[in-house]
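Structural features, examined
As a plain string of letters, each chain reads:
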Amino acid sequence: MTTTASGELPAGWPRLSLAQAHAALTAPGSPFELETVAIDGREMRVFKHAPPTLREVFLAGRLHAGKDFLVYRDERVSYEAFSRASITLANALVARGLRKGDRVAIAMRNLPEWPVALFGTLLAGGIATLLNAWWTGPELEYGLTDSGSRFAFVDGERLERLAPHRDACVALEHLWVSREAPGMLGPGVESLSGLIGPSTAWAGLPVQPMPDVPLVPDDGATILYTSGTTGRSKGALGTHRNAACALMAGPFTAVRNFVRRGEPVPVPDPTAPQRCTLLSIPFFHTTGCHAVLCPTIANGAKLVLMHHWDPLEAMRLIQAERVTSAGGVPTIAWQLIEHPDRERFDLSSLESVAYGGAPAASELVRRIKDVFPASAPGIGWGMTETTSTFAGHSAEDDQFRPESSGPCLPIGDAKVIDDAGNELPVGAVGELCVRGPNVVRGYWGKPEATAETFVDGWLRTGDLARLDDEGFVFIVDRKKDMLIRGGENIYCSEVEAALFEHPAVMDAGVIGLAHHTLGEEPAAVVTLKAGAQATEQELRAFVAARLASFKVPVRIAFSGQTLPRNANGKIMKRELKGFFAT
């Protein structure tokens, strides 16, 4: 009998092995049929019926014309309104001189204008460069200059941060701001509503043809920034094919659950209520963009946006909008489960509570099922470099293997290697490497970093993992010096570098402290120079002036001597945890 990290699987489960289920689902003639294509000179398996580009995803959404697409506060945007605004914007970009392959930056919170900026860019042939809205002014400047963006869309808050750095962005020719405050417009800054109007007026925009721009699957589509171990952000260049493969992950996993049970796959009911997702993670994350936004459009579902995460407001929206899917990082699932006012709301519409992006306790799977019995808990593993979900599972597979992140999609392969690059056997722990058509091209403008991470067709993930005998992935630890706070990546070296800038700091080490809902939080141990003084509050403020707020250590301890190091001079971070033992 197959066993898991928790013990033996229940009798009768599964009716079909993973290999049998994948074979049945990917057979010729099936919706998930596979074919082999050459991508950058390498033969890869792809979903034969995946949309060729994101333009086809956009067109699929437009078929749902009168249905709600976005709900934000008191604003409702239909698919037709969204489509008209996106095409209007695409034509405006072309008229302003956008050429195929030009980078167009988007830096704003989750607003209805965000998807319009994304698809307006894509329909015009541009590469959408998705900048982290939590970034500081210098970080935004870096993203704009590193990508060489000629065009940018921002909201008012991002404009305020960027304004002192605008002159340093020499490639930036056109900048539009959405929902601007009085006085924000001026030379070089235009109003986005001047092009497309407010969201309430999008449905009245004139019908226009889409720009006549040829697109093929392996054209560049997006650049998403992901930090490196040096603390310097790298832009992961994704293609239309990458994104098209990613949007097949959710439907495939859902259908596989039925096949694993030995049950017939239900035929979609066209009269069923519209499916609805409460989006509580940013669009600029690969999860928000590739795992939620694009599949939502392809399936004609509804997205409910929150101005900021608040569990009480989330429960109100779940009840009011009959939300069928919610989740994000484990933080969100825990807060819904443990909220004292949960019983006041009708949350029975929830069918899926999924999470990923941060460490989570196995207990969370059980608690989701206890509190939301009609829902199927699920988890996935992926990276910016894998265009969101690469491995994942839900329902029974998640319940019976809660420590696992699930198996790879049938288009992908995984292996575990040692430090010398040798493949390790089943059950052994090593660095996880993956390959497939959903792995990005590489890092924008960084050939050395690309060559180091993308080796012989395999992506070296930096995660330590093991595989079981069926191919389920178990993430054990992270080889890279990184922690994840509520879904946000924090590279310790970047925070350490900020601390080292303080004139009183001689030595610094950053580690992650476990947190019940956020997964982990950054903490630092600092050694001050002889005779120098600095308080914890002062150092936290010093870091906050240089880095985004989620990167600021929540605790800083002081050591009277140089931090412990090994023979290679690297800080032995396990020993630093003792500073926070009480």
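Look above for the structure.
Residues numbered from 1 in each chain as written. Predicted model: local features only at pLDDT ≥ 70, side-chain atom pairs only at ≥ 80, totals over all residues. Heavy atoms only, no water.

Turning to its location among the elements, lysine 302 is positioned in strand β15 (residues 302–305). Owing to a relative accessible area of 8%, lysine 302 belongs among the buried residues under this scheme. Lysine 302 sits 234 residues away from aspartate 68 along the chain, and the two C-alpha atoms are 5.9 Å apart. When near neighbours in sequence (up to four residues on either side) are disregarded, lysine 302 contacts Asp68, Phe69, Val71, Arg76, Gln274, Arg275, Cys276, Thr277, Thr296 and Glu321. (Helix = DSSP H or I, 4+ residues; strand = E, 2+ residues; numbered from the N terminus. Buried < 20%, exposed > 50% of the residue type's maximum accessible area, 1.4 Å probe, protein only. Contact = heavy atoms within 4.5 Å.)

All told, the structure shown has 17 aromatic pairs when counted by the stated rule. Summarising the aromatic geometry, the rings of phenylalanine 32 and phenylalanine 252 are spaced 5.2 Å apart at their centres and angled 90° between planes, so their arrangement reads as edge-to-face. Placement of phenylalanine 32 in the loop between α1 (18–25) and β3 (34–39) and of phenylalanine 252 in helix α9 (residues 249–261) is noted, with a sequence separation of 220 residues between them. The burial state of phenylalanine 32 is the same as that of phenylalanine 252; both residues are buried. Note on phenylalanine 82 and phenylalanine 119: the rings are 6.0 Å apart at their centroids and 85° apart in plane angle, and the pair reads as edge-to-face. With phenylalanine 82 in helix α3 (residues 79–95) and phenylalanine 119 in helix α4 (residues 113–123), this pair connects stretches of sequence that are 37 residues apart. A single burial state applies to phenylalanine 82 and to phenylalanine 119, both of which are buried. Ring-pair connections join several aromatic residues into one group, and the members of that group are Phe58, Phe69, Tyr79, Phe82 and Phe119. One residue, lysine 234, lies across the ring of tyrosine 443, its end atom 5.0 Å from the ring centre. The residue whose ring lies beneath arginine 261 is phenylalanine 258, and the NZ or CZ to ring-centre distance is 5.1 Å. (Phe/Tyr/Trp six-rings, centres within 6.5 Å; stacked < 30°, edge-to-face > 60°. Lys NZ or Arg CZ within 6 Å of the ring centre and 35° of its normal.)

Further remarks concern the sheet that holds strand β29 (residues 505–515). In a beta sheet, neighbouring strands pair by backbone hydrogen bonds and run either parallel or antiparallel. Taken in spatial order, the 3 strands line up as β29-β30-β31 in an open sheet, and their pairing is mixed. A strand with exactly one partner marks an edge of an open sheet, and here the two such strands are β29 and β31 (555–559). Strand after strand, the sheet turns through a mean of 25° between neighbouring axes, direction not considered. By the bridge criterion, 5 bridges tie strand β30 (residues 519–528) to β31 in an arrangement that is parallel. In the sheet register, valine 526 faces β31, and the bridge partner there is phenylalanine 558. With respect to the sheet, helix α16 (residues 492–500) is in contact with β29, β30 and β31, its orientation differing from that of β29 by roughly 140°. Its contacts with the sheet put helix α17 (residues 536–544) on β29, β30 and β31, and the angle it makes with β31 is roughly 120°. (Pairing = 2+ DSSP bridges. Axes fitted to C-alpha atoms, helices over the stretch in contact; angles between N-to-C directions.)

Structurally, the position occupied by serine 147 is in helix α5 (residues 137–147). Given the relative accessible area of 1%, serine 147 is considered buried. Sequence separation between serine 147 and aspartate 102 is 45 residues, and the spatial gap between their C-alpha atoms is 9.5 Å. A polar side-chain atom of serine 147 sits 2.8 Å from the main-chain carbonyl oxygen of glycine 143. (Polar contact = N/O pair within 3.5 Å; in protein donor to acceptor, adjacent residues only side chain to side chain.)

With that settled, the discussion passes to α3. Residues spaced three or four apart along an α-helix face the same direction, because each turn holds 3.6 residues. Counted at 1.5 Å a residue, the expected span for α3 with its 17 residues is 24 Å, and the 24 Å between its end C-alpha atoms agrees. Most of α3 is tucked away: 14 of the 17 residues are buried. Within two residues after α3, glycine 97 carries a phi angle of roughly 105°, on the positive side. (Expected span 1.5 Å × (residues − 1).)

Right, let's talk about the nonpolar core for a bit. Note on soluble globular proteins: their nonpolar side chains tend to be buried together. Counting 94 residues, the largest nonpolar core has Trp114 and Leu118 as the members making the most contacts within it. Among residues more than four places away in sequence, those in contact with tryptophan 114 are Ile106, Met108, Arg109, Leu130, Phe283, Phe284, Cys289 and Leu293. If you look at the next biggest cluster of nonpolar residues, it comprises 21 residues, including Ala105, Val154, Leu172 and Met184. (Core = buried A, V, L, I, M, F, W, Y, C linked by side-chain atoms within 4.5 Å.)

What follows concerns the side chain of threonine 277. The topology assignment puts threonine 277 in strand β14 (residues 276–279). Given the relative accessible area of 16%, threonine 277 is considered buried. Threonine 277 has contacts with Val292, Lys302, Leu303, Val304, Val323 and Ser325, leaving out every residue within four places of it along the chain.

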